[in-house]
Each structure stands twice: as C-alpha cells, then as structure tokens.
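# Fold and contact review
The residues making up each chain are set out below.
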Number of protein chains: 2
Amino acid sequence: MLLHKMPKPLRALGELGLIEQIRRDFSAGSKAITLGIGDDCAILRPPAGCEVLVTTDFTLEGRHFRRDLHPPEAVGHRCLARGLSDVAAMGATPLAAFLSLALPGSMLAESAGRAWIERFFSGFRALADMHRVPLAGGDTSESPGGKNGVVLADIVLIGTAPKGEALRRSGGGVGDALYVTGELGGAAAELSAMLRRQRRILHVPTTEGHPHLFPEPRLDVGESLLRRELANACIDLSDGLSTDLAHLCRASGVCAEIEQTSLPIHPLALKLGPKAALQAALHGGEDYELLFAAPASILMPTSLAGVSITRIGSLKKRRSGGPLMTMLAPDGSHPELVAGGWEHFSGPAKRRRKRAR
Amino acid sequence: MLLHKMPKPLRALGELGLIEQIRRDFSAGSKAITLGIGDDCAILRPPAGCEVLVTTDFTLEGRHFRRDLHPPEAVGHRCLARGLSDVAAMGATPLAAFLSLALPGSMLAESAGRAWIERFFSGFRALADMHRVPLAGGDTSESPGGKNGVVLADIVLIGTAPKGEALRRSGGGVGDALYVTGELGGAAAELSAMLRRQRRILHVPTTEGHPHLFPEPRLDVGESLLRRELANACIDLSDGLSTDLAHLCRASGVCAEIEQTSLPIHPLALKLGPKAALQAALHGGEDYELLFAAPASILMPTSLAGVSITRIGSLKKRRSGGPLMTMLAPDGSHPELVAGGWEHFSGPAKRRRKRAR
C-alpha cells in the first residue's frame, strides 16, 4: 500500500461529485461564518462578549448505529443531535457544526451507497435547519478496510454563551432540587423494540415519537435555563440518568436522592412493564434530555420552550463512605442507586462503581 | 449486538485508567481555556478583536499511517501537525486542540497496545508543547470491528486571528510572486524509503530530518506573514505542490507558472535521482510547507522564523482554455503542470483534471 500514492481521500470522494454537491447545499450564509467550506480553516465570528464552546462526538458504524438497522436519516440526525445536546447542556447557542466523515469506497461506487449518503445528509440537514446551525467545514476520507470498511463520523459543534454564564456540571449545591426535561427511557425502549424485530426501519414518516431514532436536543430549554438563571448545574442525559447524575454529583461535590415515583417515564418504556420501564428510565441512555439542579427556592415552570419539566429529587450533603446516589422507593426504603446498573449489585455494575471512586 | 448495552466507550477506556491519566497530563492550564476536559463542552476565551478559526482532519490507520510501519510517536505528531498546518496556512495562532480517538479494545487489554497509546500521546504532546497548544477535550470510543478494529483519530484545531486578517487561498493577484517555505519532496522520499524497506522504524532518536514522520507545521512563518503583511494568499502543502497550487489558483481566479530550476528540493528527494526528485517535489504531498503569493514589489526575506523562503514562480492572468498551471523547464519550454501527476497526461491524472474543472 503506497500511502501517498493512494487517491487523495477528498479528491476520490469529490470525483463522484456527491460530497461536493452536499457540501455546497450546506454553504448557505450565516452572519457568524466569515469563511465556510473551501479553505484550510473556516473562520467564525462569535458575538461580542461571548465565550466559545467546543464539543466533539464520534458516530461509528457498529458502535453507535447499524446500517442494517437504522434508517440513514436517523444516523445523520443522531450524529448532529449528539453534538447539539452537549451545547444545550451548557445553555449555549450553536454557532456552527463541522463534520469529519469517512465512507467505504464501495458506498460511493454503488447507487444504493450514494442514496444512503444522501439520506444521511437529509436527516442531518433537517435537524441543522431546525436549529439554524450551518455546516461550516470538516474532513472527508475513504474509511479503512476496503470492502469491509464502515461509516465513521465525528461531529464538532461550536457554540457561544455570554462570558462566565455557561451552565456546568459543577454548580450544584446541597439542597438544590433536581429536574429533568421530557420523558426518560424512550430511547432505550425504542432501540430494544428495533433489536427484537431485527429488521431495518426503511422509512420513518415523521421524526416525532422516535426517541431513539430522532432524539430532540433541548437547545431552547438550555438557552432558557441560562437566560432566566433557572439552573445551578446542568448535564445532558447521553449515558443514562444514573450515570450522568453521578457525573453531576461528583463535579458538584454532593450526593443525590431520586424519588422513584416522580420519574417521568416515556410511554414506549411503560410498554415494557414496570420493572423494565424503570430500568430504561434510570439507565437507558441516549434520551438526550437535560438533567439540571436549581435552588429549591426557585418556582420552576412546569414547562420550558414547550418541553415538560419534572422535579425528580434533590442534592444532599455528601457523607464520607455514604452512597453517591440513592433512590426513594415507593415502599419508603432508600436503596443505593448505582451508575449504569441499579439492581445489579454484583457483576459489572459493582466493579465499575468501585473503580470509579 | 445490543448497542446501548455495550460498555460505554468512554467508561470502557477509562477503566484502564490510561486515557484518563493521559487526559490529566494534558490539562495543564492555559489562560484561553476557561473550562477544559470533563464537562459537556470545553469553554474557550479567544482574545478580543479576534476571529475564531476551525479545522478538522482525520488520521485513520490504513489510510494515513500503518501500525506496522510508523513509530507511534510519529502517528501522534502527524495527527496534530495536520491540524496545526491548516492553522499556520491562515497565519493564525492555535488556541486549543480537541482529539477524538477510537481504539481497538484489544489494544487496551494488552501491554503492547497500551505502550503504543502512550507513545502516540508522547509524540502528540511533544509537538503540542512546542507550540503551546493545550488539548482541551475530544471524545474516546472503542473502534468498530472487534479484534480487527483500527486506530481512528480526528483532530480539531481552534485558532485565532485578528478580524479580517487571516490569510486565505483566494487573495492571490496577477503578477504576484509565488514562494514556498523549506524544501519539497522530503516527505514523499522518506515514505518511499520506508516502504522499500518494509520494516517498521522502532525508535527515532530525533524528530529532525524526518519530513514524513515528523513534519514541522510552519506556525511561526504563517504568523509572521500575517503580522508583517507579506502575503496575499496562502495554503499549506498537504496534497502536493501541484494540487495545492491548483487550489490557490482556482480560489484566486488566476493561473501560475513555476520555474523548475527554482524548486527547493529536499536532500532526501535528491537521493532518488533527478526525475523522481522532481516528481516528489511537485506531487509528493504531506510536506506541510507553506505556499504563498505576494506582490512582486515586496522585498521578501530569504528566511522567516529560521525557515528558508524560496521564490518558485508567479501568478498570471487566466486565459480561457489555457492551462491553469505551467512549468518553465530548463530547456525553455513551458509544459502544462497537471495537479497530482505532471508527466501523466493520460490515465488518472488527466481524468481528474477534467472533472475538477
């Protein structure tokens, strides 16, 4: 293999005209973008008085999605949603997105492959347009592995927030109430149903009601929390409530108690039966709702930007040797809540917990 | 495969403590970084009056490097150098780097794999320290493909430049002189020698004199060109002089003539013999030198920031139907210079040229 004599990745893709065409489609003007796709760097002009926020997230075939299972629009949507949700969690406003995308050469050679790519960008673009986020650049390459190559994406989101005001994980205080947006466990429930069917969903007529395929990053809620000073600390629920709450607790130096009966469980999760529904809500992950802490004295609205807000517990003082998280059960007991596996006090969950301390 | 039940990528890597340790190593303070690794986004504070520049570049095993050929320090170095060189080409100053890194699970399970990762970061860090670029975040994941998984990296560089002053590809004008930094063809020559030997270079005592393994991004030259207003247009030589000059010509709406006898050819390329040396200098790629245009009236220094500057030709008026690039040969003739394959007027190079128009 002659590395430098291989077709240059960008050129190889560009020859088919597909990527260049898609990139042109995205070059619609934005005041914040002084220079978009087509130079060594893009140039952005953040608003005066703002800090710049940056997040990157992989979307790798076989790890984060399956081509035989996920419709391509959902892959594009989720790729962008992962980055947007991180921006939302800081209460920030997205300024621009950058996409590094590697594709198997075979996809570009076949019309089915090209159709997949077009549908990927269609899903990506619909979400980008909804939140007025321009795609300002990135990289393209042929993925390694020849015929067995897979789709590899890395999304970069640049956001802005007024200086010193971005919401962090670390701002939670003892006595704060804990809130979540929307409903929990829906993404895990939908994925579980997809895996049971083991059949690819070919077309989805609407993105609504598909918490796994088309999660909604809570940008408007995040911006509202920041602007109205309604939150001390915030994180998005990408890894699951129990895992992300543990991050917030550790960063804030507090512990937390969740009230089981308060958890807003997604209707798709409720279909699984009460036990599995609770598991999905606590540990399911990829709901991309926001979890935030606010002083108990704040009269929290029941909804923000059209999204329901539910109080699910509170932050407490951390006691040496005490559990990081507990859950008030319907029977009045307070079992420990373990990140990533509430009921599994043996096996992986326990090992993970010990190591994480 | 249960997607959401797989070990969470970050946690899986974190269990070994290796990545977290490396990330801690990089968290050294920088005034420009308000918040580094460990929240949903990093927060950067660009200097007042500056625009923000962004570039992303893949480094994929099997496309951009081979684990059986490249020493790991060189892979880390080149990964970061690709991004830094894009920042240099705009005359900008790097503010922070972000690294998305996916690794095969097997690498983390074996000490040889962990040693590879440590050496990768050692090379990455040496270059980052040299240019005082903090690693402010990124993403980690297990790469797809199980045992056959490969190392996948995507580097993001954030840079800054005074408003409206960043160097672009598009600023070249008719009559401008064309210059390059350093010497050309060295990277292709070194890689070619490595491929002939087909033996992995285990340790490299010094990064100097290894234009392929340890290219030097020309940040100081770029900043100097911008500050001293010495360039109208600039691009870095990542794809090779002929390809990158074509980008500059198209963006600037001009054509170019190169003087063959003026080309500064790297000593490693000269070892290949005159014909191959010229090929390497024109089309080799990955030299990461800067190519820039400046008004002929400017008295250009012979070196900037310790790097030699060589005049190699000039920009001319584009004539309809005329070639985009020509080369003044030693015999006084002016053959067309074709991007990516000067002597190959048939085959891939010609096809590429037609499509690119």
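In this text the structure is predicted, and so the values were computed from the model without any measurement. (Residues numbered from 1 in each chain as written. Chains lettered and ligands numbered in written order. Predicted model: local features only at pLDDT ≥ 70, side-chain atom pairs only at ≥ 80, totals over all residues.)

## Re the overall build of chain A
Looking only at helices and strands, chain A has eleven helices and 13 strands in total. By residue count, 55% of the 357 residues in chain A fall in the buried class. (Helix = DSSP H or I, 4+ residues; strand = E, 2+ residues; numbered from the N terminus. Buried ≥ 20, exposed ≤ 12 C-beta atoms within 10 Å, placed from the backbone.)

## Let's talk about the interface of chain A and chain B
Taken together, the contact between chain A and chain B spans 66 residues of the former and 67 residues of the latter. The biggest single contributor to the side of chain A that touches chain B is strand 3 (residues 50–60) of chain A, with nine residues. By residue class, the composition of the side of chain A that touches chain B is 30 nonpolar, 15 polar and 21 charged. By the bridge criterion, three bridges tie strand 2 (residues 42–44) of chain A to strand 3 (residues 50–60) of chain B in an arrangement that is antiparallel. Looking at the pairing, A:A42 lines up with B:V54 of strand 3 of chain B. (Contact = placed C-beta atoms within 7 Å. Nonpolar A, V, L, I, M, F, W, Y, C, P; charged D, E, K, R; others polar. Pairing = 2+ DSSP bridges.)

## Regarding the sheet that holds strand 2 (residues 42–44) of chain B
With mixed pairing, the six strands of this open sheet are ordered in space as 5(A)-4(A)-6(A)-3(A)-2(B)-1(B). The two strands at the open ends of the sheet, each matched to only one other strand, are strand 5 (135–142) of chain A together with strand 1 (33–35) of chain B. Each neighbouring strand pair of the sheet contributes to a mean axis angle of 20°, computed without reference to strand direction. Bridge analysis of strand 1 of chain B against strand 2 of chain B gives two bridges, and the strand direction is antiparallel. Along strand 2 of chain B, the bridge assignment pairs B:L35 with B:I43. Helix 3 (residues 72–89) of chain A rests against strand 3, strand 4 (93–103) and strand 6 (152–162) of chain A of the sheet, and its axis sits at about 30° to strand 6 of chain A. (Axes fitted to C-alpha atoms, helices over the stretch in contact; angles between N-to-C directions.)

## A word on the packing of helix 3 of chain A against helix 7 (residues 219–227) of chain A
Residue and element names in this part refer to chain A. Closest axis-to-axis distance for the helix 3/helix 7 pair is 8 Å, and the angle between their directions is 15°. If you check the angle between helix 3 and helix 7, you find them roughly parallel. Crossing of helix 3 against helix 7: the hand is left-handed. Facing helix 3, whose interface residues are L84, V87, A88 and A89, helix 7 presents L219, V221 and G222. Looking at the contact of helix 3 with helix 7, its residues break down into six nonpolar, one polar and no charged. (Parallel < 35°, antiparallel > 145°, perpendicular 65-115°, else oblique. Left-handed = near helix turned anticlockwise from the far one by under 90°.)

## Some words on the relation of the copies chain A and chain B
At an RMSD of 0.0 Å, chain A and chain B line up after a rotation of 180° and a shift of 0.0 Å along the axis. Within this description, the copies of the chain are treated as partners about a two-fold rotation axis. Residue A:D154, judged by its C-alpha, is the member of chain A lying nearest the rotation axis, at 3.6 Å. When the interface residues of chain A are mapped onto chain B, 100% of them again lie at the interface, so the same face is used by both copies. (Least-squares fit on C-alpha atoms with pLDDT ≥ 70 in both.)

## Quick notes on helix 5 (residues 111–130) of chain A
All names here are of chain A. Given a rise of 1.5 Å per residue, 20 residues ought to cover 28 Å, and the 28 Å separating the end C-alpha atoms of helix 5 matches this to within 8%. Here helix 5 has its buried residues at I117, F120, F121, G123, F124, L127 and A128. Around the axis of helix 5, the buried residues are gathered within 155° of arc, so they sit on the same side. Seen from the buried face of helix 5, the exposed residues on the opposite side, beyond 90 degrees, are S111, A112, A115 and D129. Positive phi appears at R132, one or two residues downstream of helix 5, with a value of about 50°. (Expected span 1.5 Å × (residues − 1). Arc of directions from axis to C-beta.)

## A few points about the nonpolar core
Core analysis: the largest hydrophobic core is formed by 210 residues, its most contacted members being A:L53, A:V54, A:A97, B:L53 and B:A97. If sequence neighbours within four positions are ignored, A:V54 has contacts with A:V156, A:I158, B:C41, B:A42, B:L44, B:F98, B:A136, B:G137 and B:I158. (Core = buried A, V, L, I, M, F, W, Y, C linked by C-beta atoms within 7 Å.)

## Quick word on the environment of B:I158
Within the secondary structure, B:I158 sits in strand 6 (residues 152–162). What makes B:I158 buried here is the crowd of 28 C-beta atoms within 10 Å. As a C-alpha pair, B:I158 and B:A97 span 61 residues in sequence and 6.2 Å in three-dimensional space. Setting aside chain neighbours within four positions, we find B:I158 in contact with A:V54, B:L44, B:V52, B:V54, B:L95 and B:A96.

## Some points on helix 6 (residues 186–197) of chain B
Side chains of residues three or four places apart in an α-helix project in the same direction, reflecting 3.6 residues per turn. Residues and elements named next belong to chain B. With twelve residues, helix 6 ought to run about 16 Å at 1.5 Å a step, and its terminal C-alpha atoms sit 17 Å apart, in line with that. Listed as buried for helix 6 are G186, A187, A188, A189, E190, L191 and S192. For helix 6, the elements touching its buried residues are helix 9 (267–270) and helix 10 (274–283).

## Section: the sheet that holds strand 1 (residues 33–35) of chain A
Taken in spatial order, the six strands line up as 1(A)-2(A)-3(B)-6(B)-4(B)-5(B) in an open sheet, and their pairing is mixed. Each end of this open sheet is capped by a strand with a single partner; those strands are strand 1 of chain A together with strand 5 (135–142) of chain B. Between one strand axis and the next, the sheet turns by 20° as a mean value, whatever way the strands run. Here helix 3 (residues 72–89) of chain B sits on the sheet and contacts strand 3, strand 4 (93–103) and strand 6 of chain B; the angle it forms with strand 6 of chain B, its principal contact strand, is near 30°.

## Quick word on the pairing of strand 6 of chain B
All names here are of chain B. With ten of its eleven residues buried, strand 6 lies for the most part within the structure. Summarising the sheet, strand 3 and strand 6 pair through eleven bridges and their orientation is antiparallel. Bridge pairing in strand 6 links L53 to G159. Bridge count between strand 4 and strand 6: nine bridges; the pairing is antiparallel. Counted as the bridge partner of A96 is I158 from strand 6.

## Some details on the domain arrangement of chain A
All names here are of chain A. Domain annotation for chain A reports domain 1 (3–162) and domain 2 (169–356). Counting only elements with at least two residues in the side of domain 1 that touches domain 2, the list comes to helix 3 and strand 4. In terms of residue count, the dominant contributor to the side of domain 1 that touches domain 2 is helix 3 (eleven residues). The class makeup of the residues in the side of domain 1 that touches domain 2 is eleven nonpolar, six polar and four charged. (Domains from an automatic or database assignment.)

## Remarks on unusual backbone geometry
A negative phi angle is the norm for most residues apart from glycine, just as the trans form is the norm for most peptide bonds. All names here are of chain B. For R132, which is not glycine, the phi torsion reads 50° and is therefore positive. With phi around 50°, E229 is a residue other than glycine that occupies positive phi space. We classify E229 as exposed; it has 11 C-beta atoms within 10 Å.

## Digging into the pairing of strand 5 of chain A
Residues and elements named next belong to chain A. Taken across its eight residues, strand 5 has eight buried, putting it largely inside the fold. Examined bridge by bridge, strand 4 and strand 5 share seven bridges and lie parallel to one another. By the bridge assignment, L103 is partnered in strand 5 with E142.

## Considering the packing of helix 3 of chain B against helix 5 (residues 111–130) of chain B
Residue and element names in this part refer to chain B. Two elements in contact, helix 3 and helix 5, have axes whose closest approach is 6 Å; the angle formed by their N-to-C orientations is 45°. When the interaxial angle is binned, helix 3 and helix 5 end up oblique. Along this stretch, helix 3 crosses helix 5, giving a crossing that reads as right-handed. Residues P72, E73, A74, V75, G76, H77, C79, L80 and A81 of helix 3 touch helix 5, and the partners they reach there are W116, R119, F120, F121, S122, G123, F124, A126, L127 and A128. For the contact of helix 3 with helix 5, the per-class residue count stands at 13 nonpolar, four polar and two charged.

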